[in-house]
Amino acid sequence: MVLTSELKQELLERAAEARRWAYAPYSNYPVGAALLAESGKIYTGVNVENVAYPHTVCAERVAVFKAVSEGERHFTAIAVVTVNAKVPCGGCRQVLAEFGLDTHVLVGDPDGNLITQAVLRDLLPDAFTPADLPRR
Ligand code: THU
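So, here is what we can say about the structure in this document. (Residues numbered from 1 in each chain as written. Predicted model: local features only at pLDDT ≥ 70, side-chain atom pairs only at ≥ 80, totals over all residues. Heavy atoms only, no water.)

**Points about the pattern of salt bridges**
A pair can form between side chains of opposite charge whenever their charged atoms are brought close.
Phase 1 of the analysis: Counting across every chain of the model gives two salt bridges.
Phase 2 of the analysis: Residues Lys-41 and Glu-70 are paired through a salt bridge, measuring 3.7 Å at the closest nitrogen-oxygen approach. Of this pair, Lys-41 sits in the loop between β1 (32–37) and β2 (42–46) while Glu-70 sits in the loop between α2 (59–68) and β3 (75–81), and the two are 29 residues apart along the sequence.
Phase 3 of the analysis: Exposure remark for Lys-41: the relative accessible area of 44% places this residue in the partly exposed category.
Phase 4 of the analysis: Residue classification places Glu-70 among the exposed residues on the basis of a relative accessible area of 52%.
Phase 5 of the analysis: For Arg-121, the salt bridge goes to Asp-102, with nearest N and O atoms at 2.6 Å. On the criterion of sequence distance, the pair formed by Arg-121 in helix α4 (residues 120–123) and Asp-102 in the loop between α3 (90–97) and β4 (104–108) is long-range, its members being 19 residues apart.
Phase 6 of the analysis: Judged by its relative accessible area of 42%, Arg-121 falls in the partly exposed class. (Salt bridge = Lys/Arg side-chain N within 4 Å of Asp/Glu carboxyl O. Helix = DSSP H or I, 4+ residues; strand = E, 2+ residues; numbered from the N terminus. Buried < 20%, exposed > 50% of the residue type's maximum accessible area, 1.4 Å probe, protein only.)

See the structure below:
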(Lines give C-alpha, C1' and ligand atoms only; values in the text may rest on other atoms or scores of the structure.)
Protein backbone atom coordinates (compact mmCIF):
# COMPACT_ATOMS: atom_id res chain seq x y z
CA MET A 1 0.00 0.00 0.00
CA VAL A 2 1.24 3.47 -0.82
CA LEU A 3 0.77 5.68 2.21
CA THR A 4 -0.67 8.84 0.70
CA SER A 5 -1.36 11.93 2.78
CA GLU A 6 -5.09 11.22 2.33
CA LEU A 7 -4.63 7.74 3.80
CA LYS A 8 -2.61 9.17 6.68
CA GLN A 9 -5.42 11.58 7.42
CA GLU A 10 -8.02 8.83 7.21
CA LEU A 11 -6.04 6.66 9.64
CA LEU A 12 -5.68 9.52 12.12
CA GLU A 13 -9.40 10.24 11.91
CA ARG A 14 -10.32 6.58 12.37
CA ALA A 15 -8.02 6.36 15.40
CA ALA A 16 -9.49 9.54 16.88
CA GLU A 17 -13.05 8.23 16.33
CA ALA A 18 -12.25 4.81 17.75
CA ARG A 19 -10.78 6.40 20.88
CA ARG A 20 -14.26 7.19 22.13
CA TRP A 21 -14.76 3.45 22.73
CA ALA A 22 -11.66 3.06 24.87
CA TYR A 23 -12.39 1.33 28.15
CA ALA A 24 -10.03 3.16 30.49
CA PRO A 25 -11.80 3.70 33.83
CA TYR A 26 -8.58 3.23 35.85
CA SER A 27 -6.09 5.35 33.96
CA ASN A 28 -8.51 7.80 32.33
CA TYR A 29 -6.07 7.68 29.43
CA PRO A 30 -8.08 6.60 26.40
CA VAL A 31 -6.12 5.50 23.36
CA GLY A 32 -7.37 4.92 19.82
CA ALA A 33 -5.54 3.12 17.05
CA ALA A 34 -6.14 2.46 13.36
CA LEU A 35 -4.02 -0.11 11.56
CA LEU A 36 -3.76 -0.19 7.77
CA ALA A 37 -3.12 -3.66 6.35
CA GLU A 38 -1.47 -4.26 2.99
CA SER A 39 -4.90 -5.48 1.84
CA GLY A 40 -6.15 -1.92 2.20
CA LYS A 41 -8.43 -2.74 5.11
CA ILE A 42 -8.28 -0.66 8.28
CA TYR A 43 -8.62 -2.25 11.73
CA THR A 44 -9.28 -0.06 14.72
CA GLY A 45 -8.44 -0.71 18.36
CA VAL A 46 -8.81 0.87 21.78
CA ASN A 47 -7.23 0.14 25.12
CA VAL A 48 -9.30 -2.23 27.21
CA GLU A 49 -8.45 -2.04 30.89
CA ASN A 50 -9.22 -4.52 33.62
CA VAL A 51 -9.66 -4.29 37.36
CA ALA A 52 -6.87 -6.87 37.53
CA TYR A 53 -4.51 -4.30 36.02
CA PRO A 54 -1.99 -6.54 34.22
CA HIS A 55 -4.75 -7.89 32.00
CA THR A 56 -5.18 -4.52 30.34
CA VAL A 57 -4.50 -4.54 26.60
CA CYS A 58 -3.24 -1.51 24.68
CA ALA A 59 -5.12 -0.04 21.73
CA GLU A 60 -2.36 -0.91 19.24
CA ARG A 61 -2.36 -4.55 20.26
CA VAL A 62 -6.14 -4.79 20.01
CA ALA A 63 -5.88 -3.48 16.43
CA VAL A 64 -3.10 -5.93 15.55
CA PHE A 65 -4.94 -8.88 17.07
CA LYS A 66 -8.17 -7.99 15.31
CA ALA A 67 -6.33 -7.79 11.99
CA VAL A 68 -4.31 -10.98 12.44
CA SER A 69 -7.42 -12.85 13.54
CA GLU A 70 -8.95 -11.92 10.19
CA GLY A 71 -6.02 -13.20 8.16
CA GLU A 72 -3.79 -10.11 7.87
CA ARG A 73 -0.02 -10.42 8.29
CA HIS A 74 1.37 -7.35 6.55
CA PHE A 75 0.88 -3.81 7.72
CA THR A 76 1.60 -0.48 6.09
CA ALA A 77 0.89 1.93 8.92
CA ILE A 78 -0.68 2.42 12.30
CA ALA A 79 -2.13 5.66 13.63
CA VAL A 80 -2.37 6.19 17.36
CA VAL A 81 -4.26 8.97 19.10
CA THR A 82 -3.86 9.98 22.75
CA VAL A 83 -4.43 13.21 24.64
CA ASN A 84 -0.71 13.97 24.58
CA ALA A 85 0.30 12.33 21.28
CA LYS A 86 2.64 9.69 22.66
CA VAL A 87 4.29 7.00 20.54
CA PRO A 88 3.31 3.35 21.20
CA CYS A 89 4.74 1.64 24.28
CA GLY A 90 7.63 -0.81 24.01
CA GLY A 91 5.39 -3.86 24.23
CA CYS A 92 3.25 -2.67 21.33
CA ARG A 93 6.36 -1.88 19.27
CA GLN A 94 7.47 -5.47 19.80
CA VAL A 95 4.06 -6.86 18.81
CA LEU A 96 4.07 -4.72 15.65
CA ALA A 97 7.67 -5.79 14.90
CA GLU A 98 6.55 -9.40 14.63
CA PHE A 99 5.00 -8.45 11.30
CA GLY A 100 7.75 -6.22 9.94
CA LEU A 101 9.82 -3.20 10.82
CA ASP A 102 8.75 -1.04 7.90
CA THR A 103 5.37 -0.15 9.35
CA HIS A 104 4.83 3.59 9.58
CA VAL A 105 3.74 4.90 12.96
CA LEU A 106 1.62 8.04 12.91
CA VAL A 107 0.88 9.79 16.16
CA GLY A 108 -1.99 12.20 16.37
CA ASP A 109 -3.86 14.42 18.77
CA PRO A 110 -7.56 13.92 19.63
CA ASP A 111 -8.60 16.12 16.69
CA GLY A 112 -6.78 13.83 14.29
CA ASN A 113 -3.88 16.18 13.61
CA LEU A 114 -0.59 14.48 12.80
CA ILE A 115 1.92 15.36 15.54
CA THR A 116 4.82 12.99 14.88
CA GLN A 117 5.60 10.11 12.56
CA ALA A 118 8.29 7.48 12.41
CA VAL A 119 9.07 4.08 10.98
CA LEU A 120 8.89 1.18 13.43
CA ARG A 121 12.51 0.23 12.66
CA ASP A 122 13.63 3.54 14.19
CA LEU A 123 11.38 3.19 17.23
CA LEU A 124 12.70 -0.28 18.04
CA PRO A 125 16.45 -0.34 17.37
CA ASP A 126 18.14 -3.73 17.29
CA ALA A 127 14.73 -5.38 17.35
CA PHE A 128 14.31 -9.04 18.16
CA THR A 129 12.39 -10.39 15.17
CA PRO A 130 11.29 -13.80 13.88
CA ALA A 131 14.50 -13.91 11.82
CA ASP A 132 16.50 -13.98 15.07
CA LEU A 133 15.10 -17.25 16.35
CA PRO A 134 17.44 -20.09 15.29
CA ARG A 135 15.70 -22.63 13.09
CA ARG A 136 15.20 -26.03 14.69
N1 THU B 1 -1.80 2.37 26.45
C2 THU B 1 -2.08 2.08 25.14
O3 THU B 1 -3.22 1.74 24.80
N4 THU B 1 -1.08 2.18 24.25
C5 THU B 1 0.20 2.57 24.54
O6 THU B 1 1.06 2.54 23.69
C7 THU B 1 0.51 3.06 25.89
C8 THU B 1 -0.49 2.76 26.93
C9 THU B 1 -2.89 2.28 27.43
C10 THU B 1 -2.74 1.17 28.44
C11 THU B 1 -3.54 1.71 29.59
O12 THU B 1 -4.90 1.39 29.39
C13 THU B 1 -3.39 3.22 29.48
O14 THU B 1 -2.95 3.48 28.18
C15 THU B 1 -2.41 3.82 30.49
O16 THU B 1 -1.20 3.15 30.47
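**Thoughts on the packing of aromatic side chains**
Phase 1 of the analysis: Counting across every chain of the model gives two aromatic pairs.
Phase 2 of the analysis: Judged by centre distance (5.6 Å) and plane angle (40 degrees), the ring pair of Tyr-26 and Tyr-53 falls under tilted. Separated by 27 residues along the polypeptide, Tyr-26 in the loop between α1 (5–18) and β1 and Tyr-53 in the loop between β2 and α2 bring together distant segments of the chain.
Phase 3 of the analysis: With a centroid separation of 5.7 Å and an interplanar angle of 85 degrees, the aromatic rings of Phe-75 and Phe-99 are classed as edge-to-face. (Phe/Tyr/Trp six-rings, centres within 6.5 Å; stacked < 30°, edge-to-face > 60°.)

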